[in-house]
Amino acid sequence: MKMMITKHPSAWPARFDLMQSATGLFLALFMWLHMFFVSSILLGKDAMWTVARFFEGYFFFGTNFPLLVSGFVALIFSLIIIHSALALRKFPANWKQYSRFWQHMRSMRHADTTLWLVQVVTGFIMFFLASVHLYVMLSRPELIGPYASADRVWSLRMWPLYLLLLFAVELHGAVGLYRLAIKWGWFDRGDPQSTRRRLKTAKWIMSIFFLVLGLATLAAYIKIGIDHSANVGELYTPSWMEVQQ
Amino acid sequence: MKRTLNFNIFRYNPQDPASHPHMEAYTLQETAGMTLFIALNQIRELQAPSLAFDFVCRAGVCGSCSMLINGRPRLACRTLTESLPDTITLLPLPTFELIADLSVNSGKWMRAMSERLETWVHSVEETDLDRIELPMDPDLAEHIYELDRCIECGCCVTACGTAQMREDFIGAVGINKIARFKADPRDQRNDQDYYAVVGDDDGVFGCMSLLGCQDVCPKELSLQTQIAYIRRKMAFAGL
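Analysis parameters
Each chain carries its own residue numbering, running from 1 in the direction its sequence is written. Chains carry letters from A onward and ligands carry numbers from 1 onward, assigned in written order. Only residues with pLDDT of 70 or above have their local features reported here, since the model is predicted, and side-chain atom pairs are shown and tallied only from 80 upward, although totals for entire chains, interfaces and linings are computed over all residues. Values shown for side chains rest on all heavy atoms present in the structure; no hydrogens or waters enter the calculation. Segments assigned H or I by DSSP are reported as helices when at least four residues long, segments assigned E as strands when at least two residues long, and all are numbered from the N terminus. Contact criterion: two residues are considered in contact whenever any of their non-hydrogen atoms come within 4.5 Å of each other. Computed by Shrake-Rupley with a 1.4 Å probe, the accessible areas treat only the displayed protein chains as cover when residues are assessed. In this scheme, a residue with accessible area under 20% of its type's maximum is buried, one over 50% is exposed, and one in between is partly exposed, where area comes from a 1.4 Å probe on protein chains only. The pairing criterion is simple: DSSP has to find at least two bridges between the two strands. Only Phe, Tyr and Trp rings take part, Trp by its six-membered ring, and two of them pair if their centres are within 6.5 Å. Stacked means planes under 30 degrees apart, edge-to-face means over 60, and tilted covers everything else. Here the expected span of a helix is defined as 1.5 Å times the quantity of residues minus one. Throughout this description, a polar contact denotes any pair of N or O atoms lying within 3.5 Å of each other; where both atoms belong to protein, one of them has to be capable of donating a hydrogen while the other can accept it, and for residues adjacent in sequence the pair is counted only when both atoms sit in side chains. Patches here are clusters of residues that have more than 30% relative accessible area and form no salt bridge, with a 9 Å joining cutoff for like charges and a 5 Å cutoff for nonpolar side chains (Val, Leu, Ile, Met, Phe, Trp, Tyr). A pairing counts as a salt bridge when a side-chain nitrogen of Lys or Arg comes within 4 Å of a carboxyl oxygen of Asp or Glu. Throughout, buried area stands for the accessible area (probe radius 1.4 Å) lost by two parts on being put together, summed over both. Of the grid points, spaced at 1 Å and generated over the protein atoms alone, those admitting a 1.4 Å probe that cannot get out make up cavities, while open sets with protein on both sides within 12 Å along at least five of seven lines make up pockets; any residue with an atom within 4 Å of a point is treated as lining. Grid points are joined across faces, edges and corners, and a volume is the space filled by probe spheres set on the points. Residues are grouped as follows: nonpolar covers Ala, Val, Leu, Ile, Met, Phe, Trp, Tyr, Cys and Pro; charged covers Asp, Glu, Lys and Arg; every other residue, Gly included, is treated as polar. Residue ranges assigned to the domains are those given by an automatic or database domain assignment. Helix axes use the C-alpha atoms of the stretch in contact, all axes being lines fitted to C-alpha atoms, and the angles between their N-to-C directions lie in the range 0 to 180 degrees. Angle categories are assigned with fixed cut-offs, so that under 35 degrees is roughly parallel, over 145 is roughly antiparallel, 65 to 115 is roughly perpendicular, and the rest are oblique.

Trainee: Where do I start with the overall build of chain B in this structure?
Mentor: Secondary structure assignment for chain B yields nine helices and seven strands. On the principal axes, the C-alpha backbone points of chain B span a range of 60 × 35 × 30 Å. Intrachain contacts of chain B at a sequence separation of at least 6 include 63% that bridge at least 24 residues. Carbon and sulfur atoms form 52% of the exposed surface of chain B, whose accessible area is close to 11000 Å².

Okay, structure coming up:
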């Protein structure tokens, strides 16, 4: 049969799909790195102070430039907004679609289908919780430090938000990376089904690892925050500077 | 040990004004090697003469007897009752037009999908029916044959969360067909041509990789691989 196709389709669906995947990949990997940076508090207050000042350029310029952090936060915030806007295309759009998906999920009892709803719910939670956190980081980047962060967590009562955000981020990110690998056929050499099983195991391991690390980190900030509650607002001075003084 | 099987079967005939959607219960003694196809025939012969369900080949080749078996789409003829619990709930496949009871018009959906995706060999030249066909590499022929094993049973469409929410989504069956024609050197369409039919959110970009399709396909087709392959090709074709 002769050629019949005469349509001139838009390139945007392809661009949107790639952008959703690329922003998701960047954000998920960044969140893992972010957790390592934040959890430096487990190594001590000096370690966390060093990480925080490192990103303000202290060790390059000899002075702090919190605006560097604000700039990076603005970039992350922008990527989250783009990723959310693109992900909204996949959300159920009305009650009929929600009800059909819910019915379908209960009927199928299929792990990957259920995990998608987990992604929708955690994504929705992050719209609000991540925005609060990011605005604080954007507007007061200089208040990232052992005491300032701990005061924020405990005395400014941000710990419930961070607790919920931790679960939302670590579940959403790991499921997202797993789905990205499946979606684009990464690591698909040989037997795709055994690759999928391995990816799924890796997904759970990463979620649990980062949740445990995150909970331990949050607990550490809460402990410091409680101990420091009488001196809220005081910034941390690293031990070697105290010796010099 | 012989079991008594309890069937809950959806009954409704849209052609009959007196009929209303409801579930009816039937019981049956299980026999060795019994498939759902055998069980349904026994129920129809002995208990419910008007029970409507589809079958042709009885061997998992025609794809007619697909239905929701305890919530999951499967072929009745390929499902042994011994693999199921004592209580078995049977529903027609959603997404497709209901004919009656467990019988749906999946053919109508498949035809519409095929016409939309133009699932036939496209060529700019007139085919000379008197000329011997060009030889094909056996591995390539095998690959095309593998993709062509799809029996259009509709299980993948029913198992797909996207297809349940969005009626225009082409499902894994459609994407697999594009992969099949893309592999065929006799089809002279290029990636831009394929993008024109599957390069949107009702096509391959609508797939959310939930992989219900992969997990229920009775022919165990490599749907996960084909969808990822077409997605990669179409993403770069669209740029």
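Trainee: Hey, could you run me through the pairing of strand β4 (residues 72–75) of chain B in this one?
Mentor: A regular strand places its side chains so that they alternate between the two faces of the sheet. Residues and elements named next belong to chain B. By the alternation rule, side chains of β4 split into Pro73 and Leu75, which are all buried, and Arg72 and Arg74, of which none is buried. Pairing between strand β3 (residues 66–69) and β4: four bridges, direction antiparallel. Pairing of leucine 68 across the sheet is with proline 73, part of β4. Taking the residues between adjacent antiparallel strands as the criterion, β3 and β4 are bridged by two residues, where asparagine 70 takes a positive phi near 50°.

Trainee: Explain the packing of aromatic side chains to me, please; I cannot follow it from the model alone.
Mentor: The geometry of an aromatic ring pair is captured by two quantities: the separation of the ring centres and the angle between the planes. All names here are of chain A. For the coordinates displayed, the defined rule picks out 25 aromatic pairs over all chains. On the numbers, 5.8 Å between centres and 65° between planes, the contact of phenylalanine 124 with phenylalanine 127 is edge-to-face. With phenylalanine 124 and phenylalanine 127 both in helix α6 (residues 111–139), this residue pair falls three residues apart, about one helical turn. Judged by its relative accessible area of 45%, phenylalanine 124 is partly exposed. With a centroid separation of 6.3 Å and 80° between ring planes, the pair formed by phenylalanine 127 and phenylalanine 128 is classed as edge-to-face.

Trainee: Explain helix α8 (residues 159–184) of chain A to me, please; I cannot follow it from the model alone.
Mentor: With 26 residues, α8(A) extends 37 Å from end C-alpha to end C-alpha; this agrees with the ideal 38 Å at 1.5 Å per step. Note on α8(A): the residue one or two positions beyond its end, Gly185(A), has a positive phi of about 75°.

Trainee: What is the right way to read unusual backbone geometry from this model?
Mentor: With the exception of glycine, the majority of residues adopt a negative phi angle, and the majority of peptide bonds are in the trans configuration. Residues and elements named next belong to chain B. One non-glycine residue, threonine 95, lies in the positive phi region at around 80°. Mapped onto the elements of the fold, threonine 95 is located in the loop between β5 (87–91) and β6 (97–100). Phi at glutamate 220 is positive, roughly 50°, even though this residue is not glycine. Owing to a relative accessible area of 66%, glutamate 220 belongs among the exposed residues under this scheme.

Trainee: Is there a simple way to think about the side chain of Ser70(A) in this case?
Mentor: Inspection of the secondary structure assignment puts Ser70(A) in helix α4 (residues 66–87). One polar contact links the side chain of Ser70(A) to the main-chain carbonyl oxygen of Leu138(A), over a distance of 2.9 Å.

Trainee: Help me understand a nonpolar patch on the surface in this model?
Mentor: Residues and elements named next belong to chain A. Where nonpolar side chains cluster on the molecular surface, the patch consists of Leu33, Phe36, Phe37, Phe54, Phe55, Phe59, Phe60, Phe61, Phe65, Leu68 and Phe209 and spans about 1100 Å² of accessible area. Listed by contribution, the elements that provide at least two residues to the nonpolar patch are α1 (12–38), α2 (45–55) and α3 (58–61). Locating phenylalanine 61 in the fold gives a position in helix α3. For phenylalanine 61, a relative accessible area of 52% puts it in the exposed group.

Trainee: Before we go on, may I ask you to explain the interface of chain B and chain A in this structure?
Mentor: Between chain B and chain A, the contact holds 48 residues from the first and 40 residues from the second. Buried area between chain B and chain A, both sides added, is near 4000 Å², and the carbon and sulfur share of it is 56%. A per-residue breakdown of the area chain B buries against chain A is headed by Met165(B), Leu210(B) and Gln224(B), which together make up 15% of the total. Summed over the shared surface of chain B and chain A, the result is five salt bridges. Between Glu167(B) and Lys96(A) there is a salt bridge; the shortest N-O distance is 3.9 Å. Inspection of the region where chain B meets chain A yields 22 residue pairs in polar contact (both at pLDDT 80 or more).

Trainee: Which parts of the structure should I look at to understand the pattern of salt bridges?
Mentor: Where charged atoms from two side chains of opposite charge come close, those side chains can pair. Residue and element names in this part refer to chain B. Applying the stated criterion to the full structure yields 24 salt bridges over all chains. The residue arginine 11 makes a salt bridge to glutamate 24 at a minimum N-O spacing of 3.6 Å. Taken as a pair, arginine 11 in strand β1 (residues 4–11) and glutamate 24 in strand β2 (residues 22–29) lie far apart in primary sequence, 13 residues in all. Look at the salt bridges and you will find they share partners, linking Glu133, Asp148, Arg180, Asp184 and Arg186 into a network.

Trainee: How do you make sense of empty space enclosed by the protein when you look at a structure like this?
Mentor: Over the atoms rolls a probe the size of a water molecule, and in doing so it shows where empty space is left. Residues and elements named next belong to chain B. Across all of its chains, the model carries three cavities of 30 Å³ or more by this definition. Of the volumes computed, that of the largest cavity is approximately 120 Å³. Cys160, Cys207, Leu210, Leu211 and Cys213 are the residues nearest the centre of the largest cavity, which is lined by 17 residues in total. Of all the elements in the fold, those that place two or more residues in the lining of the largest cavity are α5 (161–165), α6 (171–183) and α8 (212–216). Of all the elements, α6 adds the most residues to the lining of the largest cavity, at three residues. Looking at the lining of the largest cavity residue by residue, the classes come out as 12 nonpolar, five polar and no charged.

Trainee: Where do I start with the layout of surface pockets in this structure?
Mentor: Volume-wise, the second largest pocket comes out at about 700 Å³. Arg100(A), Leu93(B), Pro94(B), Thr95(B) and Gln164(B) are, among the 27 residues lining the second largest pocket, the residues nearest its centre. Breaking the lining of the second largest pocket down by element, the ones donating at least two residues are α5 (95–108) of chain A together with α2 (106–117) and α5 of chain B. Residues belonging to the lining of the second largest pocket are distributed by class as follows: 15 nonpolar, seven polar and five charged. Taken domain by domain, the makeup of the lining of the second largest pocket includes at least three residues from each of domain 1 (4–104) and domain 2 (118–237) of chain B.

Trainee: Is there a simple way to explain the packing of helix α7 (residues 146–153) of chain A against helix α9 (residues 192–227) of chain A in this structure?
Mentor: When two helices pack together, their arrangement is given by the angle between the helix axes and by the axis-to-axis distance. Residues and elements named next belong to chain A. Running from N to C, α7 and α9 point in directions that differ by 95°, and their axes come no closer than 8 Å. Classified by the angle between their axes, α7 and α9 sit roughly perpendicular to one another. Where α7 approaches α9, its residues Pro146, Tyr147, Ser149, Ala150, Asp151 and Val153 are matched on the opposing element by Leu218, Tyr221, Ile222, Ile224 and Gly225. For the contact of α7 with α9, the residue count by class is eight nonpolar, two polar and one charged.

Trainee: Explain the domain arrangement of chain B here, please?
Mentor: Interfaces are often sized by the accessible area lost when the parts come together. All names here are of chain B. Once the domains are mapped, chain B shows domain 1 (4–104) and domain 2 (118–237). Listed per partner, the contact involves 15 residues of domain 1 and 11 residues of domain 2. Taken together, both faces of the contact between domain 1 and domain 2 bury some 1000 Å²; the carbon and sulfur share is 61%. At the boundary of domain 1 and domain 2, one finds zero salt bridges. Breaking the side of domain 1 that touches domain 2 down by element, the ones donating at least two residues are β3 and β4.

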